[in-house]
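# Observations on the model geometry
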Amino acid sequence: MEAVRQAGGIMLISADHGNADDMYEHDEKTGKVKTDKEGRPQRKTSHSLNPVPCIIYDPETKASMTAILMKGLG
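Overview of the structure.

The rules behind these values
Residues numbered from 1 in each chain as written. Predicted model: local features only at pLDDT ≥ 70, side-chain atom pairs only at ≥ 80, totals over all residues. Heavy atoms only, no water. Helix = DSSP H or I, 4+ residues; strand = E, 2+ residues; numbered from the N terminus. Buried < 20%, exposed > 50% of the residue type's maximum accessible area, 1.4 Å probe, protein only. Contact = heavy atoms within 4.5 Å. Areas by Shrake-Rupley, 256 points an atom, 1.4 Å probe, with all protein chains shown as cover. Patch = residues over 30% accessible without salt bridge, like charges linked within 9 Å, V, L, I, M, F, W, Y side chains within 5 Å. Salt bridge = Lys/Arg side-chain N within 4 Å of Asp/Glu carboxyl O.

## Details of the overall build of the chain
Looking only at helices and strands, one finds one helix and two strands in the chain. Along its sequence from the N terminus, the chain presents helices and strands in the succession α-β-β. For the chain, with 74 residues in total, the buried portion stands at 5%. A separation of at least 24 residues holds for 57% of the contacts in the chain among residues at least 6 apart in sequence. Working note: accessible area of the chain is about 6,800 Å², and carbon and sulfur atoms make up 55% of it.

## Regarding a nonpolar patch on the surface
Taken together, the side chains of Ile10, Leu12 and Ile56 define a hydrophobic patch exposed on the protein surface, amounting to about 280 Å² of accessible area. The residue Leu12 is located in strand S1 (residues 11-13) in this model. Residue Leu12 is classed as exposed on the basis of its relative accessible area of 59%.

## Re the pattern of salt bridges
Charged atoms that come close allow side chains of opposite charge to pair. Taken as a whole, this structure holds three salt bridges when the rule is applied. A salt bridge links Glu38 to Arg40; its shortest N-O distance comes to 3.0 Å. A relative accessible area of 48% means that Arg40 is categorised as partly exposed. One salt-bridge network, held together by shared partners, links Asp36, Glu38 and Arg40.

Everything listed here is a matter of coordinates, which is why it stays silent on function.
Dropping the structure here:
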């Protein structure tokens, strides 16, 4: 943040749609975690559809920004 301030810039922090909210595959009927051949939890590699946070740091308030909340997508 200090480097952004000193450079007179704006910093944007975001992430892609990951799967940290649900790390393992679940059985659709029982809800239990699925396991692989060795009995370990089966990892979920697909991305979630959950919202992703976005942080904008503009120490000099140079940009004109409007927050838009989008509900009911998907």
